[in-house]
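# Summary of structural features
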Amino acid sequence: MSFVEIEIASQPECWRRAAELAETRAAALPAAGERIAIVGCGTSFYMAQAYAALREGSGQGESDAFAASEFPFGRRYDRVVALTRSGTTTEVLDLLDRLRGDIRTVAVTADPETPVMTSADDVVVLDFADEKSVVQTRFATTALTLFRAHLGLHTDVAVRDAETALAEPLPEGLVDCTQFTFLGRGWTVGLANEAALKMKEASLSWTESYPAMEYRHGPISIATDTTATWMFGTAPEGLSEQLLATGARWVESDLDPLADLVRVQRLAVARATARGLDPDRPRNLTRSVVLTDA
C-alpha cells in the first residue's frame, strides 16, 4: 500500500483523537463571540473555508477564511487561526510574524519540531495525524474534526460514516470519467474545493468545484456522458434531475459530508493507479512550499 492509502484508512481513529483533544485544548481555540480569520495554503485553505462557514453558520462569531498570502491587514480580528501541516510554509510563517504582538494567533500543525511552534501565540499539535505523503488527507480532515468538535458539531456518526466510506465500494465507472465537478453548499463548498484539488494532485484529473447553486450558471454546459458531478450534502431541488438529463453521472451520499470526502480521496488514489501514476509522488509538488530569497 502507498503512504496515502495507509493514511486515508487511519482517519476514523484520528477523528476520535481529535474530538478528545478539542476538549483539553479548548482554551487555545477561538471562543464564541470572537471575530476570527482562518488562513492556510492549498488544502489547509479549503479546510479554513469549511471551518469559517461552520463557525459563523452556528452563530459563534464572524469568521473569514483566506489564503495566507491574501490576508487583509486592514481588518481587525480578535484571533487568527493558521492551519499548516508542515509548520514550515513560507506564507503562513510570514503572516504570523507580521501579526505578532498585534493580533492573537493560534496554529494547528502536525509537526512539533518546526518554526511554527514559536511563530504563533498558541499551538495545537495533531502529530498523530501527520503524514509521509505529499498529498494531504488525514491531517486536513482531522483538523476540521478538531474544529467541529470545538464548535459542538462533531458526533460519532461522522466517525462511523468514515468507516463506511472506507469499507464500501466506490460508485462503478467513476475511475473512467474524463472530468469531475464537485459541488457544495455552506461549509461543504470548502469540501468541494478540496475534493477537486485532491483529484488534481493525486491523479492529474480535470476537475472543477462550485457552490451548488452556481452550477446552472454556466458550468453545467460541459456535462456529458463521460463526466461526473459529485454533490457534498443536500443538493438544491431539481439539480440532480437536470444533471442526469445531460447524460452525466450524478454522485451523492447520505454520509456525513466529511466522510464523503474520504470517498473522493479513495477515488483519487484509484484513478491514479488506473493511470499508472504514483499518488505518493504527485507531479511538480513537494510536501511543503518553502520559498527562499533569490
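Provided above is the structure to which this section pertains.
Before going further, it helps to examine helix α3 (residues 43–57). Between the first and last C-alpha of α3 there are 21 Å, a value that for 15 residues agrees with the 21 Å anticipated at 1.5 Å per step. Inspection of α3 places Thr43, Ser44, Phe45, Met47, Ala48, Ala50, Tyr51, Ala52, Leu54 and Arg55 among the buried residues, and these make up the whole buried set. Looking at the buried side of α3, the elements it contacts are β1 (36–40), β2 (63–67), β3 (79–84), α6 (138–150), α8 (188–203) and α10 (257–274). Looking one or two residues past α3, Gly59 carries a phi angle of roughly 80°, positive in sign.

Among the structural elements, Thr142 can be located in helix α6. Exposure remark for Thr142: the relative accessible area of 0% places this residue in the buried category. A distance of 2.6 Å separates the side chain of Thr142 from the backbone oxygen of Arg138, its partner in a polar contact. Setting aside residues up to four positions removed in sequence, Thr142 forms contacts with Cys14, Trp15, Ala18, Leu126, Phe128 and Ala129.

This next bit is on the layout of surface pockets. Its boundaries defined by the atoms lining it, the largest pocket holds a volume of some 350 Å³. Along the walls of the largest pocket sit 22 residues, with Cys41, Gly42, Gln136, Thr286 and Arg287 positioned nearest its centre. Elements represented by at least two residues in the lining of the largest pocket include exactly α3, β3 and α8. Element by element, the count of residues in the lining of the largest pocket is highest for α8, at 3 residues. Grouping the amino acids of the lining of the largest pocket by side-chain chemistry returns 9 nonpolar, 9 polar and 4 charged.

Rules behind the numbers
- Residues numbered from 1 in each chain as written.
- Predicted model: local features only at pLDDT ≥ 70, side-chain atom pairs only at ≥ 80, totals over all residues.
- Heavy atoms only, no water.
- Helix = DSSP H or I, 4+ residues; strand = E, 2+ residues; numbered from the N terminus.
- Expected span 1.5 Å × (residues − 1).
- Buried < 20%, exposed > 50% of the residue type's maximum accessible area, 1.4 Å probe, protein only.
- Contact = heavy atoms within 4.5 Å.
- Polar contact = N/O pair within 3.5 Å; in protein donor to acceptor, adjacent residues only side chain to side chain.
- 1 Å grid on protein atoms, 1.4 Å probe; cavity = no way out; pocket = protein on both sides within 12 Å on 5 of 7 lines; lining within 4 Å.
- Points joined across faces, edges and corners; volume = space filled by probe spheres on them.
- Nonpolar A, V, L, I, M, F, W, Y, C, P; charged D, E, K, R; others polar.

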